Structure formats: C-alpha cells, structure tokens
There are 2 protein chains.
Amino acid sequence: MEEMTIKDVAKKCGVGVSTVSRAINNHPDINPETKKMVMDVIRQMGYVPNNSARNLKRVDAKCIAVLIKGITNPFFSAVIQVIEAEVQKKKYAMVMQHVEAYENELEVALELIKEKRLRGIIFLGGTYYHDPKQLEKLNVPFVFSTIGTVQGDERIRTYSNIAVDDRVESRKMVDYLLDLGHRRIAIVVEGTAAESVGQLRLEGYRDALSARGIDVDENLILEVRDKIDPYSMENGYKTMREFLATETEFTAVFAIADFLAVGVCRALYEAGLRIPEDVSVAGYDGIPIGKFYTPQLTTICQPVEAMAKKTVTLLLDVISGKAEHEHITFPAELIIRESTGKPK
Amino acid sequence: MEEMTIKDVAKKCGVGVSTVSRAINNHPDINPETKKMVMDVIRQMGYVPNNSARNLKRVDAKCIAVLIKGITNPFFSAVIQVIEAEVQKKKYAMVMQHVEAYENELEVALELIKEKRLRGIIFLGGTYYHDPKQLEKLNVPFVFSTIGTVQGDERIRTYSNIAVDDRVESRKMVDYLLDLGHRRIAIVVEGTAAESVGQLRLEGYRDALSARGIDVDENLILEVRDKIDPYSMENGYKTMREFLATETEFTAVFAIADFLAVGVCRALYEAGLRIPEDVSVAGYDGIPIGKFYTPQLTTICQPVEAMAKKTVTLLLDVISGKAEHEHITFPAELIIRESTGKPK
DNA sequence: TAGAATTCTGGTAACGTTACCAATAAATTT
DNA sequence: AAATTTATTGGTAACGTTACCAGAATTCTA
C-alpha cells in the first residue's frame, strides 16, 4: 500500500515503464490491447501518477492558474465554479490563489509561473490595465485573461480580455432612471483605484447625464469609505447613512454593485423611506439575492456563466496556438424589478 | 531571462548548488556571510525555486489541501479566507479543490494525497461521519479536520474535528421560539444525506419540542426539493410556497440555513404575510446579509473566524507531532433580530 | 524475396531540487 | 605538536516521470 510508482505498475504488468507512461498519457504508438491491460492493472492497484514528477519533466505541463483579487465579492463564487468545471473538462490542472488587496497581482503571477511552470493565468478582479513593461516579464508562452472588468482602451493587445462594457452598461441603467423621470440621482461608487471598474461605471453615469444636458452635482457622487473591501453591504449602508445626514435632495440611488445596493436599502429603510415610493434604488451585477430581497433589486445582470466559459476556452486556445488574443465584450441585461419606479 | 535554475544561481555566486539550497531553506550549517551573498544574488536575479522539483525530492513537503463540498454555500467564503491567511503565515503551501455534490470527498482526497504528497487535509462541508475502513486508506502521516459540522458520536478518534454542536444550537433556537409562545413551528430542512448537518439540526428541533411534551407534527417538517444545492434561497422559496398551498397552520418557521430563510421570507412576503407580525422566521449560520435584510434575520451565529483559525493551527500541530487529534466544539450565539416576535 | 516502412516496445537520460556523504579548513583539546 | 572536533563546503545520487532513441517484430512495396 506504500508509495506506488510507475515502476511497480510496470513490474506488475510485465512491461517497461515507457509502455505504462504511454498508456496513461494516451500516446498513439501503443497496442490497444496492451493499453487496456495496463489500464486495468492501474485501476486495480489504485495507482495515481505523481504530479510533481510529471510537471518537472513535461515541457507542456497542462496547468493554469486563477488569480482572484477580492474573494469577498461573491460575484466570483459563481465564476470560479464554472471555470473549474470547464478547465477540468479540458483535462487541464488548475491552481487557485487569492491576491490580497494590497498585493500586486502581476508580481504574484510572476512567482507562480516560475514556481509551477504555468501555461496561462486567468485574472479575476483587480485593475484592467497593466503596464506593458511589467507584462513583458511574464514571458512569452504566457497568456492571461481578465474577467469582470473591461479594457478601457486599446493600449494593449498582448493579452485577452473577457468582459462587459461597464461604461455602456452603467449608462444604460442611468438612462433608464432618467426615463422614469428622476433628475437627482445619487451614485455610490468606489473610485480611488486608478483604472478600476468603479471609475468606468462612474463615467457611464456622467455620460448619461451630460447627454441630456444635466449638470453633474458632485454632491451626489458618494465615495465609499472602506477601500479594503469596497463592495460590501456594510460599505453601502454607512455611505448612505452619512449621505442622509447631509439632507441633500435626491430621488434615486444607483449603487455600482448589488451588495452596496443592499446596504443602501437597509439604510433607507431605517430612515423611514420607502422603496421605490420615496426613493428608487438600482444595483449592478445581478447577484442571486437580488431576486429574493425585498424589494427585489433592479440591476444590470452580467452573463456570468457564458463569460466564464469563454474565458477558459479562449485562454486554452491561445495556449495551444489555435487562437489569437481577443478582447471580447459580452452584453449585459437591464433587469427591472421592484426597487425602482417613477419619482413622486 | 529564460528558465532559471539553482545551478545558474550557484554559478553566478561561485558556489556549489548545495550551498544555494542551504541558503534558501534556512539550513543551519552555512556561513551567514555566504548566505547573505547568495540571497542577494537570488533577489537580484529574481530566481524562484521550482516547486515541482522540490516536492518531488522533499520528504516533508509542506503542503496541505482544503476540500470544499458545496462552494455555493457562501458561509465557506469567509472560512476560506481565514484559512488561507493562517496557512500562509505558517509557511505552508495550500491547494484548494471543490468536490461536487455527487462525488465522494474521501476518494477525491485519496487521489490528491498521492498526486501531491499532502501532509494534511481540511474538509469543509460534506458529511461528518466516515467509515473507519475508508479512512485508513488515507495512510498514517495523514490527518484531517472537519469544520461546519460536528461529529454525531465518538465513533472515530482518528481525525480532528472543529465544529459547533448543531443539535444543541438548533435546540437553542427552537427553545427561544417556544419561549415566545409559538407552538406550531415549521422547520425547513435538508435531511436525506445520512449523517448530515441537516439531520442534527432536525434532532435539535425534536429535542426542544419533546422536552415540553409537544408532539412533533410531521406536516411541519418541510424537506427541501433540490438536493444538489440544498442551502439555496431558491430552495427556501419554493419549499415555503408549496407549504403555504397546503394551508397548514403555523406561526413560525425555522430554516436550518440563513439562505433558506431568505427564500422563506420572500415567499411569505409574496403571500401577503408580514414578518414577524403574522409569522416569525429564524435562520442558522449568521451570514452577513442577515443584518442588512429587511427584516433583519434572527439566527444562530457561528464563530467562523475563530473556528477557521483553530482548524489550521490544530491540523498543523498534529502534522508536526505537537498535538494529538482533538474534537473541539465552539459555542454559537443566538442573535435575536427583527424577524422573530411573539405570535398573535 | 530483399528491402523499406510500420508498429510496437524497452532502456535510459534528462527535468530541478534536496539529502547525504566526503572533503577541506579552521578551531579546539590533549 | 598531534589528535580531535567543528564549521563550511562541493559533489552526487536519488525523487517519479516523460522524451527520445534504438531495437524487434510485423507488414508492406517493388
């Protein structure tokens, strides 16, 4: 029962180790009968190849990594599940690692690549723009994809990007609120990080207003406090409470993440304001609880599953040379539910 | 910039590879000056040791795994974060893998151990009881811990267990509802899986009722439909809708997971019932949204962070021989909020 | 039928690291 | 001063796997 190796299997089968290796790895030059016999013995013995040794020898270690910045965002939870299933289907191995907010995701990636000889990386969260010089350090056979954020511009073509056009989608929501008749719309946003999604969504807000010739009142732009875990309910709650204390007039709130919206709703409820009768609240992301919250949340829903799937297939295709890097934009959907309505 | 190895470092330093290895691994027999010089060169070159080669050679590869059954349960999200931080602090490596609902977690573990030469495993979710014969297959230097579930009995002492006493805590909640005056309390439960948390919590329910001489009405035990993803809001919602259609009388609902409770609340709201005026709703877990949901959820809150930390330290101590296996039970807290009140 | 191509096989050298042993120089003891 | 210990060091054999080469057996081609 001890440590079993390929040699033990070979001995038991009465063949060479090469033959066993060929059977395991689906090599073409092997007699089907031999292969079947070997595989049967392997199953019977319960042998599992040692992955470290494999990766050491193999030039084409089939392993990719998923780097997640901000695991707290449960939006990723669903993404990860889909990614994992897809990667497994393609017979790749996968390592997953969280990147702390203060860490540089590229440095973490660099370490990982050398250590584990990765063929590719999927980035979840973090900023969407990286310095080309930094990127070059992640040597050539190397590839990476982003999800959940969109490239702000066309500066870089050395990596793939799967995302929703945050600026456009955000504007869609604000346009909808404007159509309802709202004029004083507060926005809850996280915008310190340069090149962050928060900024893009804020841009969409400005776009919508300026298109109708409405001046942006900077007092209505509510910056969240906690930058470590920016998309939390707590953050939305506190931000809204502080805002209510200022007694600024408003009829709608657009929170750039559903979780923020939940916190906002609670703060409004505690202040005795009804949703949507007194104030309309809109979110962004399409998290499952939006459907079960009362009031149900109006939101922008991203096609999470499709995006996650495409992320994996694209990355794997680029690795195997079957595809070039691509920047793909998925359409999101405006879902109108109970939390928004016409202003009084 | 190519592939850098320990040899390159040795050459650059003008020393043997052994010396470099010693510098990296903090071996005692090395001249501090030499060590400093080598480390400087390493930093300057940006060399990172290849992990596969290390694990291949090393007998004491410092690596543990976290196996998660049911990633959908966001209760784990927080747990994982804490575990990861703690493991990193102790300079261990960690792999994380999800186990599908239909998969046997022990088999997955077995594969992982052989493949990666793990020193230990942390199980999250899944059943709390395993067949001793099965467990023996996970050879000796091997250790595992459970979290989020409690051992039902003392059948096994070959592994550690960190948990809350689900049966006792569950009873605490039901006792509280009984104290308020409720007599017809429905319970939403997932109980098919043998030896599951669901069963334990149901036992607690029965305990509380029978202690007061109240007969358990089986019609009030609501079994959820979806067994793949049992603790979902959807599941709670559907279960409650079906129950409402039966027109059975009740004044309170105890959902054995907060997410189920959220679904229950929504179903009640849609049926025009007020919480807690018409029906009281209680959950279990203490998820963050419980505080921001309206009504705020009465729940049993588990000390997630402390439990996760203890899980890691205990496992690592058992591995290094500093500790014996232990079964530790953490106390949970009954948090009374808006969703429960006296019956009419 | 001889020669060439094809199919299958086993042996062995890597892969990058650490454990172990032996060697040297320096320090200490007798 | 010789003998012993101590502090450093370099060389080399593993670790378990796959890639590559070279054969043996078989089939095909001219």
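Our subject is the structure that appears above.
In this text, all values refer to a predicted model and were calculated from it rather than measured experimentally.

What about the overall build of chain A?
Stage number 1. The helix and strand inventory of chain A stands at twelve helices and twelve strands.
Stage number 2. Residues counted as buried form 53% of the 344 residues belonging to chain A.
Stage number 3. Considering only contacts in chain A between residues 6 or more positions apart, those separated by 24 or more positions represent 71%.
Stage number 4. Only carbon and sulfur atoms are counted for the fraction: they give 51% of the accessible area of chain A, which is about 15700 Å².

Digging into the packing of helix α2 (residues 17-24) of chain B against helix α3 (residues 32-45) of chain B
Residue and element names in this part refer to chain B.
Stage number 1. Packing of α2 against α3 brings their axes to within 9 Å, and their N-to-C directions diverge by 85 degrees. One finds that α2 runs roughly perpendicular with respect to α3. Contacts from Thr19, Val20, Ala23 and Ile24 in α2 reach Thr34, Lys35, Val38, Met39 and Ile42 in α3.

As for the side chain of Asp166 of chain B
All names here are of chain B.
Stage number 1. The topology assignment puts Asp166 in helix α8 (residues 166-180).
Stage number 2. Asp166 sits in the buried class, given a relative accessible area of 0%.
Stage number 3. There is a polar contact of 2.6 Å between the side chain of Asp166 and the side chain of Arg201.

Brief notes about the protein's contact with DNA strand C
Stage number 1. The immediate surroundings of DNA strand C are formed by 27 residues, with Ser18, Thr19 and Thr34 of chain A together with Ile6 and Tyr47 of chain B found nearest.
Stage number 2. Sugar and phosphate atoms represent 61% of those atoms of DNA strand C found within 4 Å of the protein.
Stage number 3. Ser18 of chain A places a polar side-chain atom, nitrogen or oxygen, 2.5 Å from a base oxygen of DNA strand C.
Stage number 4. Each residue belonging to the surface near DNA strand C can be placed in one class, and the counts come to nine nonpolar, twelve polar and six charged.

Brief notes about the nonpolar core
Stage number 1. Judged by nonpolar contacts, the single largest core of 118 residues is most densely connected at Tyr205, Met240 and Phe254 of chain A together with Tyr205, Met240 and Phe254 of chain B.
Stage number 2. Within the second largest apolar cluster, 40 residues are counted, among which are Ile64 and Ile122 of chain A together with Ile83 and Val312 of chain B.

Description of the protein's contact with DNA strand D
Stage number 1. By nearness alone, 27 residues border DNA strand D, and Ile6 and Tyr47 of chain A together with Ser18, Thr19 and Thr34 of chain B come closest of all.
Stage number 2. Within 4 Å of the protein, the contacting atoms of DNA strand D are 62% sugar and phosphate, with bases supplying the remainder.
Stage number 3. Here Asn50 of chain A contributes a backbone N or O atom positioned 3.1 Å from a phosphate oxygen of DNA strand D.
Stage number 4. Residue Arg22 of chain B places a side-chain N or O atom 3.0 Å away from a base nitrogen belonging to DNA strand D.
Stage number 5. Going through the elements one at a time, α2 (17-24) and α4 (51-57) of chain A together with α2 and α4 (51-57) of chain B are the ones with two or more residues in the surface near DNA strand D.
Stage number 6. Among the residues forming the surface near DNA strand D, the class breakdown is eight nonpolar, twelve polar and seven charged.

Brief notes about the pairing of strand β5 (residues 161-164) of chain A
All names here are of chain A.
Stage number 1. Side-chain alternation along β5 places Asn161 and Ala163 on one buried face and Ile162 and Val164 on a second face that is also buried.
Stage number 2. Across four bridges, β5 lies against strand β11 (residues 327-330) in parallel orientation. Its bridge partner lying in β11, Val164 is registered against Phe330.

Some words on the packing of aromatic side chains
Stage number 1. Tallied over the full model, the rule gives five aromatic pairs over all chains.
Stage number 2. Each ring, one from Phe292 of chain A and one from Tyr237 of chain B, has its centre 5.6 Å from the other, and the planes form 70 degrees; the classification is edge-to-face. Here Phe292 of chain A is found in the loop between β9 (280-282) and β10 (299-301), whereas its partner Tyr237 of chain B is found in helix α10 (residues 233-245) on a different chain. No difference in accessibility class separates Phe292 of chain A from Tyr237 of chain B, as the two residues are buried.
Stage number 3. In this structure, Arg201 of chain B packs its charged tip against the face of Tyr284 of chain B, placed 3.7 Å from the ring centre.

Some words on the side chain of Asn50 of chain A
Residues and elements named next belong to chain A.
Stage number 1. Within the element layout of this structure, Asn50 appears in the loop between α3 (32-45) and α4.
Stage number 2. Of the residues examined, Asn50 reaches a relative accessible area of 18% and is grouped as buried.
Stage number 3. Reaching out from Asn50, the side chain makes a polar contact with the backbone nitrogen of Ser52 at a distance of 2.7 Å.
Stage number 4. Within the structure, the side chain of Asn50 is placed 3.0 Å from the backbone nitrogen of Ala53, a separation counted as a polar contact.

Rules behind the numbers
- Residues numbered from 1 in each chain as written.
- Chains lettered and ligands numbered in written order.
- Predicted model: local features only at pLDDT ≥ 70, side-chain atom pairs only at ≥ 80, totals over all residues.
- Heavy atoms only, no water.
- Helix = DSSP H or I, 4+ residues; strand = E, 2+ residues; numbered from the N terminus.
- Buried < 20%, exposed > 50% of the residue type's maximum accessible area, 1.4 Å probe, protein only.
- Contact = heavy atoms within 4.5 Å.
- Areas by Shrake-Rupley, 256 points an atom, 1.4 Å probe, with all protein chains shown as cover.
- Axes fitted to C-alpha atoms, helices over the stretch in contact; angles between N-to-C directions.
- Parallel < 35°, antiparallel > 145°, perpendicular 65-115°, else oblique.
- Polar contact = N/O pair within 3.5 Å; in protein donor to acceptor, adjacent residues only side chain to side chain.
- Near = heavy atom within 4 Å.
- Nonpolar A, V, L, I, M, F, W, Y, C, P; charged D, E, K, R; others polar.
- Core = buried A, V, L, I, M, F, W, Y, C linked by side-chain atoms within 4.5 Å.
- Pairing = 2+ DSSP bridges.
- Phe/Tyr/Trp six-rings, centres within 6.5 Å; stacked < 30°, edge-to-face > 60°.
- Lys NZ or Arg CZ within 6 Å of the ring centre and 35° of its normal.

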